[in-house]
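A structural walkthrough
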Amino acid sequence: MGSFMGSLGEAAGLIMALDADLLEIIGLSLRVTLTAVAAACLIGLPLGAVVGALRFPGRSLAGLVLNALMGLPPVVVGLMVYMMLSATGPLGVLGLLYTPTAMIIAQTILVTPIVAALTRQVVEDLHTDYAEQFASLEVRPFDRVVALLWDARLSLLTVALAGFGRAVAEVGAVIIVGGNINHVTRVMTTTIALETSKGNLEFALALGVVLLVIALVVNGAVMTFRASAARMTYA
Amino acid sequence: MATSRRTAGAVRRLAVLAAAVFGLSAPTVAADEYIVVQSTTSAEHSGLFDAILPAFREQTGIEVRVVAVGTGQAIKNAANGDGDVLLVHDRLAEDKFVADGHGVSRADVMYNDFVVVGPLGDPAGVASMADVLAAFRKIADSGAPFASRGDDSGTHKAELRLWREAGIDAAAASGGWYRETGAGMGSTLNTAIGLGAYVMADRATWVSFGNKRDYRVMVEGDPRLFNQYGIILVNADRHPNVKARLGETFVNWVLSTEGQAAIASYRVDGRQVFFPNATKRP
Amino acid sequence: MLETEINVGAPAAAWREAAPPEALLQARGLCFEGGGKRLIDGIDIDIRAGRRTIVMGANGTGKSLLLRLLHGLIRPTKGEVLWRGRPLDRRGRHAQAMVFQRPVMLRRSVLANLRFALAVRGFTGSERSVREAEAMERARLEGLATRPARVLSAGEQQRLAVARALACAPRVLFLDEPTASLDPVSTHAVEQLIREAHADGVTIVLATHDAGQARRLGDDLIFMHAGRVAETGCASHVLNTPRSEAARAWLEGRLYLDSSS
């Protein structure tokens, strides 16, 4: 318990001091994770909406696969991306291994199924509501997907946050494809893993508290935005 | 005054954060001239690279990016061409790496030694033993828990050799008193300390480890605990993306009088943890 | 060609004057099965252009199903729906609109709800703006344009739903118990909208179990029982002198359990 309280104190100290190294690590964490979440939304939102709103052969199988892929272990994703980007892998020539870009790719693969699967659920529920009106108006499939995504936008913010949570907290994928190289690919989670294995448990836990604070700030910002947007447009 | 200084500091911090988020900071656009060194957690976690690399960079302008994993993993990564230089500690695997054509040649860099650490209570009664094989037999006979890396690392392979020489089939006891963590040195130390288990570690990691609790070095000084590190330039003929010229510059510097002196002068808590012993001089 | 002209809102007088009114929609041997039961069982009816046809009957007799079949929302198991003598196709469906008992409001502003429907039906630019303004006025929702549609009262929502349906200039408007969950004042407002639409020449098909409403709005009446047509005729006639036992029992407030099979 003593060391836990010590960690909290140390975390407060870290946040107060915010030295350049820590800022760089926090900044890279945010950059990698936010970019990955944005990319995952770009792919996952339309994908989930299509599976949620349209009828086509293999639709329920697609939903099942999306749900199953939510459980992809980060380490497995890391390995897959490593094998793709390795010098002997098919994309080795790009020279992306051990760069932030590799980490973004891995996290995008990790987060896209979450965004798509949750979007599918949100859109399907909303579509149940809209289906007869859409059928009566004969809304074309493309317009249906766009309309459902737009009308579900505030719920989908929460979906994006779920993706953010998964990405910002994972270490298994980024440590394999990023290599946890100091000043290049070291992010919050890999630093925590490193400090833990150095036996600096209090410091590692303090970093964990800092990470939690970052997640709180991001979530708080999004939820505040969501609440004010909801008052404006929604009921 | 104080307020304005604090504000200025906050502004500067925000700028650094923004730069890092948007990828504008120096590290991520980085000098074109960098190499990737596949190395072991023991060398990285002990802080050795942080201590010696700035001098190298200042002299040559080459940035060294260290990927710190177990020796087995490091060798596999390098065999995939994902690294320019390999710095590890498993002589047999290193020689095989070169023989298979993945490496140009191997050179001794430095050594330290392994130690067997255990809880103050010393349930197997191995404290201060100088014969590691006898100590291993005692641990096995007492049934006291022993934590093994179990991850194909240099330390793991060295430990397995010692069990073999002691005539004990540790694998048979796996899950019993013999616990394979399948993790890095630091994680294994954390686990061992949680279990109250004996564990073999390289001295550098042990000395710099921050969570020792009541653990002490129990066995040390046996010549069998000698731990040699080697350095290998990855073969550019085999892996065309390898930066042979930059990699060779780094290898030569590590083996040079200056590089060796840098290693020798590195201290953890005032103690030397790596002993340079390069024989090949560039 | 004629249809196109009428669709863009030409005064409906053109077809109202044509006497006798043609059968705009016809059901021929219409059957629908669901859950192993025959829910619509061999219906043959004509919906005459420019008339207000009431579909009446107890809960679960298939009023809503019949409307959905005629509107093409669901496919009949057997039989067919004819639009001006030919099988109902996309073109025919474009000349129809439907209002549901529980209005389906998009999670958008009042105006955006109108705009969506108009955009889907291909109205653009100034024509769309004109129609939006007309619909806002018709629904008496001026001043609420930017309000989220789902915070409107139930009555306001249903007015918006009717105005939205009418904005697309349908020849037929289906209404499935549009006032079933509204108070008398809101009911009156919706009925007024229906009268105005009819006056503009829109053919009305209204499902209701409110005999008063049927009297107020009906020209023709189809009385349904257990998935079949029990009786058809002039609305006032059927309501005043029902011939079928089902209609008589219903109007007298008796429970009629004859399965009529």
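Residues numbered from 1 in each chain as written. Chains lettered and ligands numbered in written order. Predicted model: local features only at pLDDT ≥ 70, side-chain atom pairs only at ≥ 80, totals over all residues.

Observations concerning the overall build of chain B
Per the secondary structure count, chain B includes 12 helices and 12 strands. Taken across its 282 residues, chain B has 48% of its residues classed as buried. Sequence-distant contacts, at least 24 apart, represent 76% of the contacts inside chain B between residues at least 6 apart. (Helix = DSSP H or I, 4+ residues; strand = E, 2+ residues; numbered from the N terminus. Buried ≥ 20, exposed ≤ 12 C-beta atoms within 10 Å, placed from the backbone. Contact = placed C-beta atoms within 7 Å.)

Here's the deal with the overall build of chain C
For chain C, the count of helices and strands is 11 helices and 10 strands. Computed over C-alpha atoms, the radius of gyration of chain C comes to 18 Å, within 12% of the 18 Å expected from 2.2 N^0.38 for 261 residues, which places it in the range of a compact globule. Over its C-alpha atoms, taken along the principal directions, chain C stretches across nearly 55 × 40 × 40 Å. Across the 261 residues that make up chain C, the buried fraction comes to 46%. (Rg over C-alpha atoms; globule rule 2.2 N^0.38 Å.)

Considerations on the domain arrangement of chain B
Residues and elements named next belong to chain B. When cut into domains, chain B gives domain 1 (30-112 + 229-276) and domain 2 (113-225). Of note, the centres of domain 1 and domain 2, computed from C-alpha atoms alone, are 26 Å apart. Across the boundary between the two partners, domain 1 contributes 19 residues, which contact 15 residues of domain 2. Listed by contribution, the elements that provide at least two residues to the side of domain 1 that touches domain 2 are α3 (41-45) and α5 (71-79). Element by element, the count of residues in the side of domain 1 that touches domain 2 is highest for α3, at 3 residues. When the residues that make up the side of domain 1 that touches domain 2 are grouped by side-chain class, the tally is 5 nonpolar, 11 polar and 3 charged. (Domains from an automatic or database assignment. Nonpolar A, V, L, I, M, F, W, Y, C, P; charged D, E, K, R; others polar.)

Remarks on the confidence of the model for chain C
All names here are of chain C. Confidence along chain C averages 88 in pLDDT terms, with 90% of residues attaining 70 or more. Highest mean pLDDT in chain C belongs to strand β7 (residues 172-176) (97); lowest belongs to helix α1 (residues 2-7) (39). Note that residues 1-19 has pLDDT below 50 and, in this model, 19 contacts with residues that lie over four places away or in other chains. (pLDDT = per-residue confidence, 0-100.)

Overview of the interface of chain B and chain A
Many analyses report the size of an interface as the accessible area lost when the parts associate. Across the boundary between the two partners, chain B contributes 33 residues, which contact 27 residues of chain A. Mapped onto the side of chain B that touches chain A, the elements with two or more residues apiece are α1 (2-21), α2 (26-29), α3, β2 (63-69) and α9 (185-195) of chain B. Of all the elements, α1(B) adds the most residues to the side of chain B that touches chain A, at 6 residues. Considering only residue class, the side of chain B that touches chain A consists of 14 nonpolar, 16 polar and 3 charged.

Digging into helix α7 (residues 153-169) of chain A
In this model, α7(A) (17 residues) spans 24 Å end to end at C-alpha, consistent with the 24 Å of a helix rising 1.5 Å per residue. Taken together, the buried positions of α7(A) are occupied by A:L156, A:V159, A:A160, A:G163, A:F164, A:R166, A:A167 and A:V168. (Expected span 1.5 Å × (residues − 1).)

Some words on the environment of C:S244
Within the element layout of this structure, C:S244 appears in the loop between α10 (235-240) and α11 (245-251). Note: C-alpha distance between C:S244 and C:E231 (13 residues apart in sequence) is 6.2 Å.

Observations concerning the arrangement of the chains
When the 2 pairs of chains in contact are ranked by number of contacts, first place goes to chains A and B. Contact between chain B and chain C is absent, and the minimum C-alpha spacing across the pair is 34 Å.

What about unusual backbone geometry?
Residues and elements named next belong to chain C. We note that R140 has phi near 55°; this positive angle belongs to a residue other than glycine. Along the chain, R140 turns up in the loop between α6 (125-138) and α7 (154-167). Judged by local crowding, R140 falls into the partly exposed class, with 15 C-beta atoms found within 10 Å. One non-glycine residue, E177, lies in positive phi territory at about 45°.

Concerning the interface of chain C and chain A
With 19 residues of chain C at the contact, the number on the chain A side is 15 residues. Put simply, the parts of the chain that give the side of chain C that touches chain A at least two residues each are α4 (90-94), β6 (96-99) and α5 (110-120) of chain C. It is α5(C) that provides the largest number of residues to the side of chain C that touches chain A, a total of 3 residues. Taken together, the residues that form the side of chain C that touches chain A break down as 11 nonpolar, 3 polar and 5 charged.

Observations concerning the sheet that holds strand β1 (residues 23-34) of chain C
Within a sheet, each strand pairs with its neighbour through backbone hydrogen bonds, oriented either parallel or antiparallel. Residue and element names in this part refer to chain C. Spatially, 4 strands are ordered β2-β1-β4-β5 in an open sheet, and the strand pairing comes out antiparallel. One side of each edge strand has no neighbouring strand; the edge strands of this open sheet are β2 (37-48) and β5 (86-87). As paired strands, β1 and strand β4 (residues 78-83) are joined by 5 bridges and run antiparallel to one another. The partner of L25 across the bridge, within β4, is W83. (Pairing = 2+ DSSP bridges.)

Considerations on the sheet that holds strand β9 (residues 220-225) of chain C
Residues and elements named next belong to chain C. Spatially, 6 strands are ordered β6-β7-β8-β3-β9-β10 in an open sheet, and the strand pairing comes out mixed. Pairing within the sheet leaves two strands with one partner each, and these edge strands are β6 and β10 (228-234). Across the sheet, the mean angle separating the axes of adjacent strands is 15° when strand polarity is ignored. α7 contacts β6 and β7 of the sheet and is inclined by roughly 175° relative to β6. Packed on one face of the sheet, helix α8 (residues 184-199) meets β3 (52-56), β7 and β8 (203-208) and runs near 150° to β8. (Axes fitted to C-alpha atoms, helices over the stretch in contact; angles between N-to-C directions.)

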